[in-house]
Amino acid sequence: MKAGDSEIICYTWDLLLQVLYMLGGVGRNVAECMSKLGEKPFMISVVGYDLAGSFLLESWKYAGLSDEGIQRKQDIDTGVVCNVFDGKGELAAGIASAEAIEKFLTPQWIGNFKSKICSAPMLMLDANLSDSALLASCQLAVECRTPVWFEPVSVTKSKRIASIVRHVTFTSPNEDELIAMANVLSPGDKFSPIPRDNDTANLSIGSLFQMLKPAIWVLLHSGVRIVVATLGSHGVFLCFEATYGAKRHDHTRKASSSFSTKLYDSINLCCVSNSILSSRKTNRRSSYIAIHFPALPASVARLTGAGDCLVGATIASYCAGLDIMQSVAVGIAAAKGAVESELNVPADYELTKISGTIVCSFLSLMFCFRFCCFAHDFPCR
């Protein structure tokens, strides 16, 4: 077969493959994880009257969650992703079709749920939304004083932060998304992706932080309050201004489920709130903190869904009243559960596996870095 001037030769093999259909989508995965940790997320999305749309809506209703914000129309093809995994559970290739989200999840549809956004402790936006939908959502959140969490989704879509960065409170990029976001927020492509080779695989945590620190600073300097940089098997860097990182959501203003109440109580019992901040002195030239959370050892079944569960559990914990450090610790534990599951989100989470010794063990292992000025063209504020 020919395409243009280039001849393409196609080879075929008989392979032993396993084909699985499962629920997915970044926003949906995050919301499902939150619901299994005792929260009741309100989803604003679009699906069609097709097999995928029916599959998604049925599961949503079965979980006891409202589908009021989910638009359904005959002319919508529900977003789908085809992923191919290797024998180790690593993603080898993927093809996504999410045009329906950009076309039909409009500012007008989102505006119908202003009251929900105003009453929410947080608005999580994923970068599958169009630029206009992202901006409209952020404007509603700012008007309601609702903090915004931006989930980058992919390297290409992560660049959509450019028009809304001043409204973003939290963001959770991986290494490549972090570099792409820093480049779109600064003049020229100053930052290069970290190469994937044996030398970088064996980098110390301190060296890896030094490589990523300039890009992290761009996001913080642009107005993002808290950066949760995910590092795969290396864990997470949590970076924030010390005074903002000490803030907690007032969970007493909303009705809490039994599970989220128990989560809040059990984590606070073993991990004192803001213990790191209270143990370190701050000064004007050292007001930013980066904390490394190591990944927990896991028996890997599949790696997709881990980042979404980390975000979902972090948001759920923060909304339950835990501080951001406690919340990310819970997120790390939830990510472990995800990589050990065949599903994008585990069927359930056991409180004893999230709290207690698991969370406390790596809270005590965290490495703290302070940073402010580290490049002449990024002066301290």
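Up top is the structure these notes are about.
Quantities reported herein were computed from a predicted structural model and do not represent experimental measurements.

Can you help me understand the environment of Gly38 in this one?
Looking at the secondary structure, you find Gly38 in the loop between helix 1 (26–35) and strand 3 (45–48). For Gly38, a relative accessible area of 15% corresponds to the buried category. Measuring from C-alpha to C-alpha, the distance between Gly38 and Ala316 comes to 7.7 Å, with 278 residues separating the pair along the chain.

Help me out: how do you make sense of unusual backbone geometry in this one?
In terms of backbone geometry, most residues other than glycine have negative phi values and most peptide bonds are trans. In the Ramachandran plot, Arg145 falls in the positive-phi region, its phi being about 60 degrees despite a non-glycine side chain. With respect to the helices and strands, the residue Arg145 is situated in the loop between helix 6 (131–144) and strand 8 (148–151). Judged by its relative accessible area of 79%, Arg145 falls in the exposed class. You will see that Val153, though not glycine, has its phi angle at about 75 degrees, which is positive. Looking at the element boundaries, Val153 is found in the loop between strand 8 and helix 7 (155–158).

Sorry, what's going on with the pairing of strand 12 (residues 288–293) here?
Looking down a regular strand, the side chains alternate between one sheet face and the other. The buried fraction of strand 12 is high, at 6 of 6 residues. The pairing of strand 11 (residues 236–241) with strand 12 spans 6 bridges and is classified as antiparallel. Residue pairing for strand 12: Glu241 is matched across the bridge by Tyr288.

Quick question: what am I supposed to make of the state of the cysteines here?
Here, the word disulfide means a covalent bond between the sulfur atoms of two cysteines. In the structure shown here, the tally under the stated rule is 1 disulfide. At a sulfur-sulfur separation of 1.8 Å, the disulfide partner of Cys118 is Cys144. Residue Cys118 is located in helix 5 (residues 114–119), and its partner Cys144 is located in helix 6; the two are separated by 26 residues in the primary sequence. Accessibility expressed as a relative area gives 35% for Cys118, which makes it partly exposed. The thiol sulfur of Cys309 is not disulfide-bonded, and the nearest other cysteine sulfur, from Cys33, lies at 4.3 Å. Accessibility expressed as a relative area gives 0% for Cys309, which makes it buried.

Whenever I open this one, helix 10 (residues 205–221) confuses me. Can you help?
Note that an α-helix has 3.6 residues per turn; residues three or four places apart therefore point the same way. Across its 17 residues, helix 10 extends 23 Å between first and last C-alpha, which sits within 8% of the 24 Å expected from 1.5 Å per residue. Of the residues one or two after helix 10, Gly223 is the one with positive phi, at around 125 degrees.

What is the right way to look at the pairing of strand 10 (residues 226–230) in this model?
Of all 5 residues that make up strand 10, 5 are buried, and the element is covered over most of its length. Burial of strand 10 is two-sided: the residues Ile226, Val228 and Thr230 facing one way and the residues Val227 and Ala229 facing the other way are all buried. As paired strands, strand 10 and strand 11 are joined by 5 bridges and run antiparallel to one another. Bridging across to strand 11, Ile226 finds its partner in Phe240. With antiparallel pairing between neighbouring strands as the criterion, strand 10 and strand 11 make up a hairpin whose turn holds 5 residues, including Gly232 at a positive phi of roughly 65 degrees.

Would you mind showing me how to read the packing of helix 8 (residues 175–184) against helix 10 here?
Two quantities define a packed helix pair, namely the angle between the axes and the distance from one axis to the other. Their axes nearest at 8 Å, the elements helix 8 and helix 10 cross at an angle of 45 degrees. As summarised for this structure, helix 8 and helix 10 are arranged oblique, according to the angle between their axes. The element helix 8 and its partner helix 10 pack so that their crossing is left-handed. Along its contact with helix 8, which presents Glu175, Leu178, Ile179, Met181 and Ala182, the element helix 10 presents Leu208, Leu212, Ala215, Ile216, Val218 and Leu219.

Here is what the cut-offs are and how they apply
Residues numbered from 1 in each chain as written. Predicted model: local features only at pLDDT ≥ 70, side-chain atom pairs only at ≥ 80, totals over all residues. Heavy atoms only, no water. Helix = DSSP H or I, 4+ residues; strand = E, 2+ residues; numbered from the N terminus. Buried < 20%, exposed > 50% of the residue type's maximum accessible area, 1.4 Å probe, protein only. Pairing = 2+ DSSP bridges. Disulfide = S-S within 2.5 Å. Expected span 1.5 Å × (residues − 1). Axes fitted to C-alpha atoms, helices over the stretch in contact; angles between N-to-C directions. Parallel < 35°, antiparallel > 145°, perpendicular 65-115°, else oblique. Left-handed = near helix turned anticlockwise from the far one by under 90°. Contact = heavy atoms within 4.5 Å.

What is shown is where atoms sit, not what they do.
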